[in-house]
Amino acid sequence: MQSARDADGVFVLDTGSDDDCAAVLAAHGAKVKTQVFSPFRFDMARNASLAFVPDDGDLYVCMDIDEVFEPNWRASLEKAANQAPDANQFMYRYVWSHNPDGSDGVVFWSEKIHRKGFLWKGAVHEVLVPQQGNERRPAYAYGVQVTHYPDEKKSRSSYLPLLEIAAAESPNDDRTAHYLGREYMYAGKYEQAIVALRKHLALPSATWADERAASMRYISQCYSRLGNVKQAIGWALRAVAESPDTREPYLRLARTFFDAGDYAGVLYAANAGLRITERKLSYITEPDAWGAPLHDLLGIAYYQFGQYKKAETQAQIALSFGENERIRNNLSLFIAAQNKQERI
């Protein structure tokens, strides 16, 4: 609430909190309304919250209770709106998660700032859709950042049934198909995940290479969980071919080679991944690909080939991302092997 204090008005739809959240927000100046939805759908709730806001607004910003604006957001948004007067939707930097050391984890451009003429669609992972007679005209609001502080203990149990509803309602929507497959994977339903993700890849509208590669990575991960190493490697290779300028497929490939005991493959995949130094601002990116794992795997592979000094260097880099007992023990092993080699 404090981070949003520069807004002309804050309107909150409470969909069933069981603490004093609504009262606290109201005490700090928010206008709060309670409405419970059964069964719950995110699009219905967001459209109800939008209807609660006066119709004379210029810009509407949709935030959740676990998100905060970073300072100077309003001035940056006003500047963007003045520079792009015809734009009706504004993209802003969204920090979805944090790494253990507090640095930004998953970061991408979000688009929940808009003018009139939009409604929300989708039971979950809902999106803004232009109303009839309107069209989407996006612009970037540089300098605007919203940071997400998720409750890691919160259950994802409602997501899968909602995604199944969304997929049934929009069977040809590639984004929903991708999310559904990913959610099956998260739930440990690996065979269902493979079917759903392959459906995503078969859709004519599934043309974004990075998202296609993500589906291929997830298929590879599912096969790994099912113990099918050959298919896991094959799908990881497809992911690399689909999006060779992103690190994430190389990390998946390095892991599949490691699982297969193919350390030459690990050397190739890890080194190729680390040569990519530009991280895209997309929800497809994964913090692991930009943290310790590639260096960790590369160090182990170097050790297997007797390149102990290189192994030591990679382990030290991996530890620079955060303390890890296993990697620390590996570093000691690499140093001992290097010292022994020098004595010989």
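Refer to the preceding data block for the structure.
Notes on the structure in this doc start here. (Residues numbered from 1 in each chain as written. Predicted model: local features only at pLDDT ≥ 70, side-chain atom pairs only at ≥ 80, totals over all residues. Heavy atoms only, no water.)

**A look at the nonpolar core**
With 46 residues, the main nonpolar core has Leu77, Phe90, Val144 and Ile219 as its most contacted residues. It is helix H7 (residues 209–225) that provides the largest number of residues to this core, a total of seven residues. (Core = buried A, V, L, I, M, F, W, Y, C linked by side-chain atoms within 4.5 Å. Buried < 20%, exposed > 50% of the residue type's maximum accessible area, 1.4 Å probe, protein only. Helix = DSSP H or I, 4+ residues; strand = E, 2+ residues; numbered from the N terminus.)

**Notes on the pattern of salt bridges**
Note on pairing: side chains with opposite charge can pair once their charged atoms come close. Here the structure, examined in full by the defined rule, presents 17 salt bridges. Across the pair Arg74 and Asp8 runs a salt bridge whose closest N-O atoms are separated by 3.0 Å. Placement of Arg74 in helix H3 (residues 73–83) and of Asp8 in the segment before strand E1 (11–14) is noted, with a sequence separation of 66 residues between them. Using a relative accessible area of 26% as the deciding quantity, one classes Arg74 as partly exposed. (Salt bridge = Lys/Arg side-chain N within 4 Å of Asp/Glu carboxyl O.)

**Structural notes on the side chain of Ser3**
You can see Ser3 is positioned in the segment before E1. Ignoring any residue separated from it by four or fewer positions in sequence, one finds Ser3 in contact with Val68, Phe69 and Trp73. (Contact = heavy atoms within 4.5 Å.)

**What to know about the packing of aromatic side chains**
Taken as a whole, this structure holds 15 aromatic pairs when the rule is applied. With centroids separated by 5.8 Å and ring planes inclined at 90 degrees, the aromatic side chains of Phe11 and Phe52 adopt a geometry described as edge-to-face. Linking Phe11 in strand E1 with Phe52 in helix H2 (residues 42–52), this pair joins segments that are 41 residues apart in sequence. According to the relative accessible area criterion, Phe52 is partly exposed, its value standing at 24%. Judged by centre distance (6.2 Å) and plane angle (65 degrees), the ring pair of Phe42 and Tyr159 falls under edge-to-face. Here the residue Phe42 occupies a position in helix H2, and Tyr159 occupies one in helix H4 (residues 159–169), the gap between them amounting to 117 residues. One residue, Arg46, lies across the ring of Trp120, its end atom 5.4 Å from the ring centre. Seen from the ring of Trp235, Arg238 lies directly overhead, with NZ or CZ sitting 4.0 Å from the centre. (Phe/Tyr/Trp six-rings, centres within 6.5 Å; stacked < 30°, edge-to-face > 60°. Lys NZ or Arg CZ within 6 Å of the ring centre and 35° of its normal.)

**Quick word on the packing of helix H12 (residues 308–319) against helix H13 (residues 325–343)**
Interhelical geometry of H12 versus H13 gives an angle of 155 degrees and a closest axis separation of 9 Å. Viewed along their axes, H12 and H13 adopt a mutual orientation that is roughly antiparallel. Pair H12 / H13 crosses with left-handed handedness. Taken together, the residues of H13 that come into contact with H12 (itself represented by Tyr308, Lys309, Ala311, Glu312, Ala315, Gln316, Ala318 and Leu319) are Ile327, Arg328, Leu331, Phe334, Ile335, Ala337, Gln338 and Gln341. (Axes fitted to C-alpha atoms, helices over the stretch in contact; angles between N-to-C directions. Parallel < 35°, antiparallel > 145°, perpendicular 65-115°, else oblique. Left-handed = near helix turned anticlockwise from the far one by under 90°.)

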